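This is what each chain is made of:
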Amino acid sequence: MAHEPTRHRLPPDLDVETAVSVASTLQALAHAGRLRILATLQAGPATVGRLTESLAMEQSALSHQLRLLRDLGFVTAERQGRHVEYRLFDNHIGELIEQALSHAEHVRLGVAERDAASVDGGVGASRV
């Protein structure tokens, strides 16, 4: 189940400033609510009202997470009359989400295969 090498690798001598920046980006994705917001915005811009309804989140909690995502450079906000529309800052955000989902599925499948192999191995070993 090995992946092909990626084009962009972290340098072996990763400096502290870059490491902090990357860690901050990954921390933003480490919250289920923020991840769901970003995944929803992948489909296109949305207002707080639409996001509140589609994600079944309290408006205050959603607004708090949107403020954090805006401060971290994940989303932008643009006033459209009486409403504010939020959208992903750029396509990198969608790519990050897709990679995270792909990795989570890869790990899940790998764990399931490993568990099945250890069960089979355990059964076979008891027969010897």
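Residues numbered from 1 in each chain as written. Predicted model: local features only at pLDDT ≥ 70, side-chain atom pairs only at ≥ 80, totals over all residues. Heavy atoms only, no water.

Undergrad: Could you clarify how one ought to interpret helix α1 (residues 16-29) in this entry?
TA: Note: α-helices contain 3.6 residues per turn, so residues at a spacing of three or four share the same orientation. In a regular helix each residue adds 1.5 Å, so 14 residues correspond to 20 Å; α1 covers 20 Å between its end C-alpha atoms and thus fits that length. N-capping of α1 is provided by Asp15, with a side-chain oxygen placed 3.2 Å from the backbone N of Glu17. (Helix = DSSP H or I, 4+ residues; strand = E, 2+ residues; numbered from the N terminus. Expected span 1.5 Å × (residues − 1). Polar contact = N/O pair within 3.5 Å; in protein donor to acceptor, adjacent residues only side chain to side chain.)

Undergrad: When you look at the nonpolar core in this model, what are you seeing that I'm missing?
TA: Membership of the largest hydrophobic core comes to 19 residues, with the highest contact counts inside it found for Ile37, Leu38, Leu41, Leu62 and Phe74. Only α1, α2 (32-41), α3 (48-55), α4 (59-71), β3 (83-88) and α5 (91-127) provide two or more residues apiece to this core. Sequence-distant contacts of Leu62, that is, excluding residues within four places in its chain, are made with Ile37, Val48, Leu51, Thr52, Leu55 and Met57. (Core = buried A, V, L, I, M, F, W, Y, C linked by side-chain atoms within 4.5 Å. Buried < 20%, exposed > 50% of the residue type's maximum accessible area, 1.4 Å probe, protein only. Contact = heavy atoms within 4.5 Å.)

Undergrad: Is there a simple way to explain the pattern of salt bridges in this structure?
TA: Pairing between side chains of opposite charge can happen when their charged atoms approach one another. Tallied over the entire structure, the rule returns two salt bridges. Of the charged contacts, one joins Arg87 and Glu85 as a salt bridge, the two residues approaching to 3.0 Å between their closest N and O atoms. Judged by its relative accessible area of 28%, Arg87 is partly exposed. The partner of Glu105 in a salt bridge is Arg108, and the shortest N-O contact between them spans 2.6 Å. Pair noted here: Glu105 and Arg108 are both in helix α5, with a separation of three residues, about one helical turn. With relative accessibility at 35%, the residue Glu105 sits in the partly exposed group. (Salt bridge = Lys/Arg side-chain N within 4 Å of Asp/Glu carboxyl O.)

Undergrad: Help me understand α3, please; the structure alone is not making it clear to me.
TA: Residues Val48, Leu51, Thr52 and Leu55 constitute the buried set of α3. The buried residues of α3 occupy an angular sector of 100° when projected down its axis, which confines them to one face. Considering only its buried residues, α3 is in contact with α2, β1 (46-47), α4 and β3. The first or second residue beyond α3 is Ala56, which carries a positive phi of 55°. (Arc of directions from axis to C-beta.)

Undergrad: Where do I start with the side chain of Thr40 in this structure?
TA: Considering the arrangement of structural elements, one finds Thr40 in helix α2. We classify Thr40 as buried; its relative accessible area is 17%. The contact partners of Thr40, leaving out residues within four places of it in the chain, are Leu51, Ser54 and Leu55.

Undergrad: When you look at unusual backbone geometry in this model, what are you seeing that I'm missing?
TA: Excluding glycine, most residues fall at negative phi; most peptide bonds, likewise, are trans. The phi angle at Ala56 is positive, at roughly 55°, despite the residue not being glycine. By secondary structure assignment, the location of Ala56 is in the loop between α3 and α4. Residue classification places Ala56 among the exposed positions, given a relative accessible area of 71%.

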